[in-house]
Amino acid sequence: MTVRLRAHHLLCLLTYVGKGYSPAFTANYDKMVKRLAGGEDVLVVHGPDDICVPLLDEPEPHCLGESAAARDQLAARDVGELLRQPVAAGARFSLDAARLAAMRQAFATGRTREACRGCEWSDLCSAVAVAGYTGARL
């Protein structure tokens, strides 16, 4: 099995500490993290992914917005350069310990944070990274 993720969620996962838009959102996010921690691969998708599912019934889900798509483009570029492989729809890979460590290091130094500009969660994510990812669920 695979977890379908849009590119910018590859960054969000690094600092996810159980906070989110709603209880349903965080419960679903916890399930996705558990699956990834259990060794399931990531399948990069264009647009809404498995993390977005609880938000798609909202009148105007931000998962369908231009800002989310723009974040995806920036994250795909930066994470792809870091991992030295394309991060585009259809790409499949695992988030093993070595990859997660490299991604966390790059995130903490700002190398992969351009996609985070203007995100409402950016301050929380910065605090988690500064604290050495204490409490991060993946």
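Above this text you will find the structure in question.
No experiment lies behind these values; they were computed from the predicted model shown. (Residues numbered from 1 in each chain as written. Predicted model: local features only at pLDDT ≥ 70, side-chain atom pairs only at ≥ 80, totals over all residues. Heavy atoms only, no water.)

Student: Got a sec to walk through unusual backbone geometry? Specific residues and values, please.
Tutor: Phi is positive for Arg-84, which is not a glycine, with a value near 60°. You can see Arg-84 is positioned in the loop between helix 3 (66-83) and strand 3 (92-93). Take Arg-84: its relative accessible area is 78%, and that puts it in the exposed class. In this structure, Tyr-133 is a non-glycine residue whose phi angle is positive, near 70°. (Helix = DSSP H or I, 4+ residues; strand = E, 2+ residues; numbered from the N terminus. Buried < 20%, exposed > 50% of the residue type's maximum accessible area, 1.4 Å probe, protein only.)

Student: Can you break down the environment of Ala-91 residue by residue, with the values?
Tutor: If you trace the backbone, Ala-91 turns up in the loop between helix 3 and strand 3. Owing to a relative accessible area of 16%, Ala-91 belongs among the buried residues under this scheme. For the pair Ala-91 and Tyr-21, spaced 70 residues apart in the sequence, the C-alpha separation amounts to 27 Å. What Ala-91 contacts, discounting residues up to four positions off in sequence, is Val-42, Leu-43, Val-44 and Pro-86. (Contact = heavy atoms within 4.5 Å.)

Student: Can you explain the side chain of His-9? Please cite residues and give values.
Tutor: Along the chain, His-9 falls in helix 1 (residues 9-15). Side-chain polar atoms of His-9 contact the side chain of Asp-49, separated by 2.6 Å. (Polar contact = N/O pair within 3.5 Å; in protein donor to acceptor, adjacent residues only side chain to side chain.)

Student: Hey, could you go over the state of the cysteines for me, with residue numbers and the actual values?
Tutor: If you walk through the whole model with that rule in mind, you get 0 disulfides. With no disulfide of its own, Cys-116 lies 6.4 Å from the sulfur of Cys-125, the closest cysteine sulfur. (Disulfide = S-S within 2.5 Å.)

Student: Give me the pattern of salt bridges: which residues, what numbers.
Tutor: Tallying each qualifying case throughout the model produces 6 salt bridges. With its nearest N and O atoms 3.0 Å apart, the salt bridge here joins Glu-40 to Arg-35. Here Arg-77 ties to Asp-78 by a salt bridge, and the two come within 2.8 Å at their closest N and O atoms. What makes Asp-78 buried here is its relative accessible area of 7%. (Salt bridge = Lys/Arg side-chain N within 4 Å of Asp/Glu carboxyl O.)

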